[in-house]
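Coordinate inspection notes
So you can see what is in the structure, the chains are spelled out below.
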Amino acid sequence: MDKSYKNLIAHIKCPDADCGTWEIQSLMDHSLQVALLAGEFASVFGGSSSSAEINRRCGLALGLLHDAGKADEAFQRYIMGKSGYKPELSSSPRHPHAADGALLACKCYGNVGALLAPCIFGHHGGLPNLGEMSIALKEMYETRNVSIADNSFKALLPADLRGIAKCVEPGDLQLWVRMMFSALVDADRLDTEKFMSPRLSQARGNGRSMRDLLPRLERYLDTLHRSAAASELNKVREEVQYRCREAASLPQGFYSLTVPTGGGKTLASLLWAMTHAVRHGLDRIIIAIPYTSIIVQTAAILRGIFGDENVLEHHSSVHWDDADDDCDETKRWRMAAENWDAPIIVTTNVQLFESLFSNRPGRCRKLHRIARSVIILDEAQMLPLDFMQPIVDVLKSLQRSFSVSVMLTTASQPAIAGVKSHAPSTPGAVLDGIGTVHEVMPDPEGLSLSLRRAEIKMMDGLCSYNDIAGMMCKSDRALCIVNTRKSAKVTFEALPDKNGAFHLSRMMCPAHISKRIGEIREALRHDAGHVRVVSTQLIEAGVDIDFPEVFREKAGLDSIVQAAGRCNREGRLPSGTTWVFETPESRVMGVIGYGINTLMRLDKDSDWLSPTVINDYFTKLYSSYGCFDKMNIGKMLSIAGKSFTPRYKDAAECFKLIDDTTVSVVVNYEDSMELIESLKSDGPSPALLRRLNNYGVGIPQNIFKALRDEALAEQVVDGVWVIPDRAQYDEQLGLLTDNHWLDEIAII
């Protein structure tokens, strides 16, 4: 067989089946194009021209070697048979070409090649555990003679890849491998798409630069200022924006913006991020938010400022597939989500951080776009404590080795700077914190006082949910936030008058929650009528609602402060009141329990909205917390002695920010059963499953088992469970976990 890569097949297609015309992309062409793209993507890693060149050459080597195994005669037989080009070869077995390329990387580049090998080895199946990969490659080395037979191809390989140690710190090496993996995967898929689906490839588009977008933001803010009434609140907002603009010229690093609710931190942080990006030549802004409800609000504002073409909204509730598949805009955004090819990304904490610890090609593909970017972590206090150490570690690596700046924005800033030590009386885990975090506002304490529109009052003694329901009924408009779904149901049912009463909890599916929040907002716009809401904490961060009186079940101080942000939010009253109450059921386990215990260690007469008190709370909370890396992610990805053998696959399986001990069931709400019928008839597709997410409710294993055993839950396809009975889904409360058939039999 001819060993010239120009005559070997990388990809093959038959665009015109009737004529039997075949088109072939040669192994030489594909490898070279992927190499150029991967080199371009990798060249933005590091902070100097020398490190950029080293990274570019590593990207070139990856692209050239990633499919080198396709030169093997066994693969050529396989692809010709599989494609139908030569049907007589259709029984040819699949050839593991990625492993061949990984072995060649080790042979060509020694120790540096060993760093590139997992990227090639996993570019289809995922980054492996390096110890397991090393064993597999060693066996191959002893049994297979893998080499590059084409001298013209061999001449294209970079001669020297030494110098990685000078541009990547040892602690950042595992992330460097993941970022190189991302660059390779994206380059490979882009070039493959360009050959196999040229029309689809042409739908990809590039957004505008930060330098082009900054004037749009400045014009928008100028219009707001000129149209805003002269008030103390608007003066404060202008001051916050001024401080953000000034701080944007400072060096890259970690920043915090501690601004109470109503201070305009969303637009101010964006002004800082965009000005900072222009100042330092950064490419994009990534805004990570804990809840999809906040994402929808934020993305809508940003699209109004910058245009739809420059803002990518990426989370599970976005359905680009709902639109016409032939629509170029739909195609473009669906593809932009694959590799974050947009100047402004609005996404979830889950999407960002689980991708940064993933090993799957699809999820890692976008990671190289994070280099040379600004990350805004909105509502930073909601980062999960059980994974705080690996999250802090990856943020520090991004800042050190990939020219990323990070801003933490919240009304209740968590104390994650520095190393937290403990007194002997308060043993706990030690968080190796960020270190230096530059606070943008010079006087957070004064800012807090100037923006204060509510007070927090701790109620004495214990009370019942019935008592709280009674207190709510003394006010025409009241919000109550409780700690559990069960408590929300009990409190709501205790309201004697359901007229104008609303319930919110995760027993309702996302579509129902969104609809209900819209109804609450609409009800609040009218002066007449009662509006009383009982909710779990899903409403307390970022949902733009305003109540004169708020009741918050005892929890961590950060949650209480967030709840207070829903109280007199628009400043219509001299001051609102947030009442903090405790019931016999309030002391729950987990993070909420830790928060309550920490709250009890503070002076009961504290000024609960003071940034100093909030910082003291977080310091005490972190000092007593048991473990900031409950799954030992750091150990899985660390360098053990002189050995670099991170367990990428294991770490990816363990890093899950959302508790997956629950089972998601599709409920009968709106058009969900029509989607289930489509699932039964047409089978699963990514688009259909994404739409069904809007009708899913997560329930504990024991409740799921009871519903399944009582034949109320049925499996439609593998892994998709549905509760089709409409009577099991209440218009006010959501999913009912009691068997309503048994209740009816008892009544009869």
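Criteria and thresholds
- Residues numbered from 1 in each chain as written.
- Predicted model: local features only at pLDDT ≥ 70, side-chain atom pairs only at ≥ 80, totals over all residues.
- Heavy atoms only, no water.
- 1 Å grid on protein atoms, 1.4 Å probe; cavity = no way out; pocket = protein on both sides within 12 Å on 5 of 7 lines; lining within 4 Å.
- Points joined across faces, edges and corners; volume = space filled by probe spheres on them.
- Helix = DSSP H or I, 4+ residues; strand = E, 2+ residues; numbered from the N terminus.
- Patch = residues over 30% accessible without salt bridge, like charges linked within 9 Å, V, L, I, M, F, W, Y side chains within 5 Å.
- Areas by Shrake-Rupley, 256 points an atom, 1.4 Å probe, with all protein chains shown as cover.
- Salt bridge = Lys/Arg side-chain N within 4 Å of Asp/Glu carboxyl O.
- Buried < 20%, exposed > 50% of the residue type's maximum accessible area, 1.4 Å probe, protein only.
- Core = buried A, V, L, I, M, F, W, Y, C linked by side-chain atoms within 4.5 Å.
- Pairing = 2+ DSSP bridges.
- Axes fitted to C-alpha atoms, helices over the stretch in contact; angles between N-to-C directions.
- Phe/Tyr/Trp six-rings, centres within 6.5 Å; stacked < 30°, edge-to-face > 60°.
- Lys NZ or Arg CZ within 6 Å of the ring centre and 35° of its normal.
- Parallel < 35°, antiparallel > 145°, perpendicular 65-115°, else oblique.
- Left-handed = near helix turned anticlockwise from the far one by under 90°.
- Contact = heavy atoms within 4.5 Å.
- Nonpolar A, V, L, I, M, F, W, Y, C, P; charged D, E, K, R; others polar.
- Disulfide = S-S within 2.5 Å.
- pLDDT = per-residue confidence, 0-100.

Describing empty space enclosed by the protein
Going through the model one piece at a time under the given rule, you end up with two cavities of 30 Å³ or more. Taken as a whole, the largest cavity spans an internal volume of roughly 90 Å³. Taken together, Lys-265, Thr-266, Ser-269, Leu-270, Ile-287, Ile-289, Thr-298, Leu-302, Ile-376, Asp-378 and Thr-409 make up the full set of residues lining the largest cavity. Of all the secondary structure elements, the ones that give two or more residues to the lining of the largest cavity are α12 (265–280), β4 (284–289), α13 (292–306) and β7 (373–378). Here the lining of the largest cavity takes four residues from α12, the largest share from any one element.

A few points about a nonpolar patch on the surface
Together, Leu-32, Leu-36 and Leu-156 make up an exposed nonpolar region whose accessible area comes to about 230 Å². In this fold, Leu-36 is placed in helix α1 (residues 27–42). Residue classification places Leu-36 among the partly exposed positions, given a relative accessible area of 47%.

Details of unusual backbone geometry
Phi angles above zero are rare outside glycine, and Trp-340 is one such case at about 50°. In this fold, Trp-340 is placed in the loop between α14 (328–339) and β6 (344–348). The exposure class assigned to Trp-340 is buried, which follows from its relative accessible area of 0%. The residue Glu-379 is not glycine, and still its phi comes out positive at about 50°. Structurally, Glu-379 is set in the loop between β7 and α17 (388–401). Residue class for Glu-379 comes out buried when judged on its relative accessible area of 4%.

What to know about the nonpolar core
The biggest cluster of nonpolar side chains holds 119 residues, and the ones touching the most others in it are Trp-176, Phe-353, Leu-356, Ile-370, Leu-377 and Leu-557. Counting 49 residues, the second largest nonpolar core, distinct from the first, contains Leu-479, Ile-517, Val-663 and Leu-675.

As for the sheet that holds strand β19 (residues 720–723)
With mixed pairing, four strands are arranged side by side in an open sheet as β17-β16-β19-β18. Only two strands of the sheet have a single neighbouring strand rather than two, namely β17 (696–700) and β18 (714–717). The average undirected angle you get between the axes of adjacent strands in this sheet is 45°. Sheet topology note: the strand β16 (residues 662–667)/β17 ladder contains five bridges and is antiparallel. In the strand pairing of β17, Thr-662 is matched with Pro-700.

Here's the deal with the packing of aromatic side chains
Throughout the structure, instances matching the rule amount to 14 aromatic pairs. Taken together, a centroid distance of 5.3 Å and an interplanar angle of 75° make the contact between Tyr-617 and Phe-618 edge-to-face. The exposure classification of Tyr-617 matches that of Phe-618, with both residues buried. Judged by centre distance (6.0 Å) and plane angle (80°), the rings of Phe-618 and Tyr-622 are edge-to-face. Separated by four residues within a single helix, Phe-618 and Tyr-622 lie in helix α24 (residues 611–624), roughly one turn from each other. Relative accessible area serves as the criterion here: at 1%, Tyr-622 is assigned to the buried category. Through a chain of ring-to-ring contacts, the aromatic side chains of Tyr-594, Tyr-617, Phe-618, Tyr-622, Tyr-625 and Phe-628 assemble into a single cluster. Lying over the aromatic face of Trp-340, Lys-366 brings its terminal NZ or CZ to 5.5 Å of the ring centre. Lys-498 extends its terminal NZ or CZ atom over the ring of Phe-492, reaching a point 5.6 Å from the ring centre.

Notes on the packing of helix α23 (residues 590–600) against α24
Two elements in contact, α23 and α24, have axes separated by 9 Å at closest approach and are oriented at 125°. By the angle between their directions, the pair α23 and α24 is classed as oblique. The element α23 and its partner α24 pack so that their crossing is right-handed. Note on element contacts: α24 touches α23 through Tyr-617, Lys-620, Leu-621 and Ser-624, opposite Tyr-594, Gly-595, Thr-598 and Leu-599. Residues belonging to the contact of α23 with α24 are distributed by class as follows: four nonpolar, three polar and one charged.

Some words on the state of the cysteines
Taken as a whole and assessed by the stated rule, the structure comprises zero disulfides. Unpaired in terms of disulfides, Cys-167 finds its nearest cysteine sulfur in Cys-58, a separation of 7.4 Å.

Considerations on the confidence of the model for the protein chain
Per-residue pLDDT for the protein chain has a mean of 88; in total, 92% of the residues score no lower than 70. Overall, residues 740–748 carries pLDDT values under 50, and its contacts beyond four positions in sequence, including any with other chains, amount to five contacts.

Focus on the packing of helix α2 (residues 49–65) against helix α4 (residues 97–121)
For any two helices packed against each other, the geometry comes down to the angle between their axes and how far apart the axes lie. Between α2 and α4, the shortest axis-to-axis distance is 10 Å and the interhelical angle comes to 80°. Between α2 and α4, the crossing angle belongs to the class labelled roughly perpendicular. Here α2 contributes Cys-58, Ala-61, Leu-62 and Leu-65 to the contact with α4, which in turn contributes Gly-101, Leu-104, Ala-105, Tyr-109, Leu-116, Cys-119 and Ile-120. Classifying every residue of the contact of α2 with α4 by side-chain character gives 10 nonpolar, one polar and no charged.

Observations concerning the pairing of β18
In the case of a regular strand, side chains alternate between the two sheet surfaces. Pairing geometry for β18 and β19, over three bridges, is antiparallel. If you follow Val-717 over to β19, its bridge partner there is Val-720. Here β18 folds back onto β19, and the loop between the two strands holds two residues, one of which, Gly-719, carries a positive phi near 90°.

Side note on the layout of surface pockets
Computed from the structure, the second largest pocket encloses a volume of approximately 1,000 Å³. Lining the second largest pocket are 35 residues, and of these Arg-237, Gly-264, Thr-266, Asp-544 and Arg-569 sit closest to its centre. Contributing elements (two or more residues each) for the lining of the second largest pocket: α10 (210–227), α11 (232–247), α12 and α13. Grouping the amino acids of the lining of the second largest pocket by side-chain chemistry returns 10 nonpolar, 14 polar and 11 charged.

A word on helix α15 (residues 349–356)
In terms of burial, α15 is largely enclosed, as seven of its eight residues are buried. Among all positions of α15, only Asn-349, Gln-351, Leu-352, Phe-353, Glu-354, Ser-355 and Leu-356 are buried.

Some thoughts on the environment of Gly-113
Secondary-structure assignment places Gly-113 in helix α4. Accessibility expressed as a relative area gives 0% for Gly-113, which makes it buried. When the C-alpha positions of Gly-113 and Leu-103 are compared, they lie 8.6 Å apart, and in sequence the two are 10 residues distant. Setting aside residues no more than four positions away along its own chain, Gly-113 makes contact with Ala-105 and Cys-106.

Points about the pattern of salt bridges
What the rule picks out here adds up to 40 salt bridges. Note that Arg-303 is salt-bridged to Asp-308, the shortest N-O span being 3.9 Å. Take Arg-303: its relative accessible area is 25%, and that puts it in the partly exposed class.

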